[in-house]
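# Summary of structural features
Below are the chains, spelled out letter by letter.
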Amino acid sequence: MDRSKVQEIIEQQVLTVAKAFEEKLDDEISALDRVDLDDIDALRERRLQQMKKMAEKRNRWISLGHGEYSEIQSEKDFFTVVKASERVVCHFYRENWPCKVIDKHMTILAKKHIETRFVKINAEKSPFLAEKLKIIVLPTLALIKNTKVDDYVVGFDELGGTDDFSTEELEERIARSQVIIFEGESSSLSLSKPHTRNVRQSQRSDSDSD
């Protein structure tokens, strides 16, 4: 057979094989595209459901007073607040400078962490609560999860011992008890839960005693 004819046949066979391979590849790509689209649709639907649930949670939180730093007027109201919200940070205070410092930071954190209720109550006007929760040093933050006081921040001992600590430092300290959802740069170093301690262990002299 003429060499040119043989070459033509070989080229034709190569083209046929290449075309078949290309068609198979196109079919596989098309199949993958279909799977990807289905996956994307499923992910989109799942994401929409998550967003819907988050919106519902957000609306519920706002209706309960989350997003604002408010004062509880009575001991009875304290129990109502704690039962209504899964996470609560309650500032036991009196009218003094250290407590006003805490007020400043709590106001900022309340707006930032809508998932948590931030409140304060006058410890001197709440003798039953102060005794029950062993509130001795003021200011004291009670960190509450699922109606139970899980941890305390007492005075400024854990915040450098002075009143010039940053909001971020207080935020990280509260986050250790997982009462807020914290995404700060150093959160990975500080999210390990501390040992819960009795507030009577704090003897900081520059904080007021109840």
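Note that the structure is predicted; figures quoted are calculated from it, not measured.

Conventions and cut-offs
- Residues numbered from 1 in each chain as written.
- Predicted model: local features only at pLDDT ≥ 70, side-chain atom pairs only at ≥ 80, totals over all residues.
- Heavy atoms only, no water.
- Helix = DSSP H or I, 4+ residues; strand = E, 2+ residues; numbered from the N terminus.
- Patch = residues over 30% accessible without salt bridge, like charges linked within 9 Å, V, L, I, M, F, W, Y side chains within 5 Å.
- Areas by Shrake-Rupley, 256 points an atom, 1.4 Å probe, with all protein chains shown as cover.
- Salt bridge = Lys/Arg side-chain N within 4 Å of Asp/Glu carboxyl O.
- Lys, Arg positive; Asp, Glu negative; His and termini not counted.
- Charge placed at Lys NZ, Arg CZ, Asp CG, Glu CD.
- Buried < 20%, exposed > 50% of the residue type's maximum accessible area, 1.4 Å probe, protein only.
- Pairing = 2+ DSSP bridges.
- Right-handed = clockwise from strand over helix to strand, strands pointing away.

Looking now at unusual backbone geometry. The phi torsion of most residues other than glycine is negative, and most of the peptide bonds are trans. At the junction of Leu138 and Pro139, the peptide bond is cis and its omega measures out at 0° in the coordinates. Positive phi outside glycine occurs at Lys134, with the angle close to 55°. Locating Lys134 in the fold gives a position in the loop between helix H4 (127–132) and strand E4 (137–138). Look at Asn146: it is not a glycine, yet its phi comes out positive at around 50°.

A cluster of acidic side chains, namely Asp163, Asp164, Glu168 and Glu169, defines a negative patch on the protein surface. Topologically, Glu168 is positioned in helix H5 (residues 167–175). For Glu168, a relative accessible area of 46% gives the class partly exposed.

Turning our eyes to something else, we now look at the pairing of strand E3 (residues 117–122). Counting buried positions along E3 yields six of six residues, so the element is predominantly enclosed. Neither face of E3 is open: one carries Arg117, Val119 and Ile121, the other Phe118, Lys120 and Asn122, and all of them are buried. Where strand E1 (residues 69–71) and E3 come together, three bridges link them in parallel fashion. Each residue of the ladder has a partner; that of Glu71, found in E3, is Lys120. Note: strand E2 (residues 87–93) against E3, six bridges, orientation parallel. The residue of E3 that forms the bridge with Cys90 is Val119. Where the polypeptide runs from E2 across helix H3 (residues 97–112) and back to E3, its parallel neighbour, the crossover connection is right-handed.

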